[in-house]
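Chain by chain, the residues run as shown.
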Amino acid sequence: MVPLLLAWITSLVPPGAYAGDKAIRAAVVKALVPLEAGAAGHIEKKTCFACHNQTYPTLAFATARSRGLAVADAVLKDQADHVSAFLTEHRDEFRSGKGTGGQADSAGAALLVLELAGYEPDETTAAVVHFLLVSQPGKDHWSSSSSTRPPTEVSSFTTTCLAVRGLKTWQTKDQKATAKKRIDAARGWLTKATPADTEDRVFRLLGLQEAGATKKDVAAAAFDLLGTQRPDGGWGQTKDMASDPYATGTALYALHSAGGLKTAHPAYRAGVKFLLAAQRADGTWLVHSRSKPFQPYYESGFPHGKDQFISSSASGWAAAALALALPEK
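Now for a look at the structure at hand.

Quick notes on helix α7 (residues 123–134)
Point 1. For α7, which comprises twelve residues, the first-to-last C-alpha distance of 17 Å matches the rise-based estimate of 16 Å (1.5 Å per residue) to within 8%.
Point 2. Of all the twelve residues making up α7, nine are buried; the element is thus mostly covered by neighbouring parts of the structure.
Point 3. Those residues of α7 lying buried are Thr 124, Thr 125, Ala 126, Ala 127, Val 128, Val 129, Phe 131, Leu 132 and Leu 133.
Point 4. For α7, the elements touching its buried residues are α4 (73–89), α5 (91–95), α6 (103–116), α8 (156–170) and α9 (176–192).

Encoded structure:
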C-alpha cells in the first residue's frame, strides 16, 4: 500500500478509542459457540453440504485457532468428514462433469472447508478439481449458478475466486497444466472485470491474490475496496444498503489477508469497532436475508429464524476478521 493511499483512508474513518485484544478475544470466543452449534446442527439435519453453516464458520474456526483460541479437533474433523462424505457420494457426477446442485459455487466452497480442516487429497478431491476444470468450458472465469441468493451465491467474482483457490490447493500432478491455463485465464478476467458491489470487490481482491496477480493489480483492488468504507467504520453489501456485519467482515478479511492492510491501521480498527458494536448478546451477528429461498426451511441450531443462514455466514466472517486482529500463535 502506498503511503498516500493509507493517509487518504485514515482521513475517512472515524476517530475513537480502539478495543484491546481482551475485548476482541472475548467477542470471538462468544461467537464460536453459536457457530459450532449451527455447524453441528446442519450435520444432524442434512446430508448435503451448506456453505452458510460450514464454509464460513469453518473459516472462523481455523482463523481463531491460528490465534491460539481453543477450537476442538472434533469441530474441524466433523466438518471435513461431512463435506467429504457428501462429495464422495457424488464423486461420479464430478468425474463426469455434471457436478451437484450449486455447481462451481458448491465445489469451490466445499474444497475450502476441506483445506481449512486439514483434509488430505484423495480420489474425491481430484474428481472435484476435474469438475472445476471442465466446468463452463471456453470461459475465462466461472459464473455463479444462482441469481437468487445474494450476496453469497450471485457473484462471478466469488465463484471464480473459490474455484481458483480449489485448483491451486487440490490439483494433482496430472491436472497441473490444465489448472494453470484456467487460473491464468481467470487472472486476466479478474484484472479487467469491473466489480459492482462489496461482494464483487472482496472476492476480486481475494481472487487476484490467489491467481498470482501483480502487486500493482492487487493494490488497485484493495484501493477500490478500501474506498467504499463508510464513516461508521463498516461496509454495506451494496451502495444503497446500510453497513452490516457480513459486508464488513468480508472486507476486513480480504483487506488484511490479500491486500496487506495491517490490523493496527485505523481503517481496520474502525471496522473492528463496528463489528464489536454490532455483535449480539448471544455472540452472533444478525443480517437480514434478501435471497429468494427455494429449498425447504429447517432449523440448524443457529439463531435468527429465516435470517439464520446469511447470519451464520456473516458471523463466520465477522469472527474471522476479529480473530485476525489478535496476535498470531
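Structural notes on the pattern of salt bridges
Point 1. Under the defined criterion, the tally for this structure stands at eleven salt bridges.
Point 2. One salt bridge connects Lys 77 with Asp 81, and the closest N-O pair in it is separated by 2.7 Å. Taken as a pair, Lys 77 and Asp 81 lie in helix α4 at a separation of four residues, close to a single helical turn.
Point 3. For Lys 77, a relative accessible area of 51% gives the class exposed.
Point 4. Owing to a relative accessible area of 36%, Asp 81 belongs among the partly exposed residues under this scheme.
Point 5. A salt bridge links Glu 153 to Arg 149, with the shortest nitrogen-to-oxygen separation between them at 3.8 Å. As far as burial versus exposure is concerned, Glu 153 and Arg 149 are alike and both buried.
Point 6. Ionic contacts of the salt-bridge type, sharing partners, join the residues Glu 115, Arg 165, Lys 168 and Glu 210 into one network.

Concerning the packing of aromatic side chains
A ring pair, where both rings are aromatic, is described by two values, the distance of the centres and the angle of the planes.
Point 1. In this structure the tally under the stated criterion is seven aromatic pairs.
Point 2. Ring centres 5.6 Å apart and planes at 70° place the aromatic pair Phe 94 and Phe 131 in the edge-to-face group. Of this pair, Phe 94 sits in helix α5 while Phe 131 sits in helix α7, placing them 37 residues apart in sequence.
Point 3. Ring-pair connections join several aromatic residues into one group, and the members of that group are Tyr 56, Phe 203, Tyr 253 and Trp 317.
Point 4. Sitting over the face of the ring of Tyr 297, Lys 306 holds its NZ or CZ atom 5.9 Å from the ring centroid.

Overview of helix α2 (residues 21–45)
Point 1. Compared with the 36 Å implied by 1.5 Å per residue over 25 residues, the 36 Å span of α2 between its first and last C-alpha is a close match.
Point 2. Those residues of α2 lying buried are Ile 24, Ala 27, Val 28, Ala 31, Leu 32, Pro 34, Leu 35, Gly 38, Ala 39, Gly 41 and His 42.
Point 3. Contacts from the buried residues of α2 go to α3 (51–66), α4, α13 (266–278) and α14 (308–324).

Calculation criteria
- Residues numbered from 1 in each chain as written.
- Predicted model: local features only at pLDDT ≥ 70, side-chain atom pairs only at ≥ 80, totals over all residues.
- Heavy atoms only, no water.
- Helix = DSSP H or I, 4+ residues; strand = E, 2+ residues; numbered from the N terminus.
- Expected span 1.5 Å × (residues − 1).
- Buried < 20%, exposed > 50% of the residue type's maximum accessible area, 1.4 Å probe, protein only.
- Contact = heavy atoms within 4.5 Å.
- Salt bridge = Lys/Arg side-chain N within 4 Å of Asp/Glu carboxyl O.
- Phe/Tyr/Trp six-rings, centres within 6.5 Å; stacked < 30°, edge-to-face > 60°.
- Lys NZ or Arg CZ within 6 Å of the ring centre and 35° of its normal.

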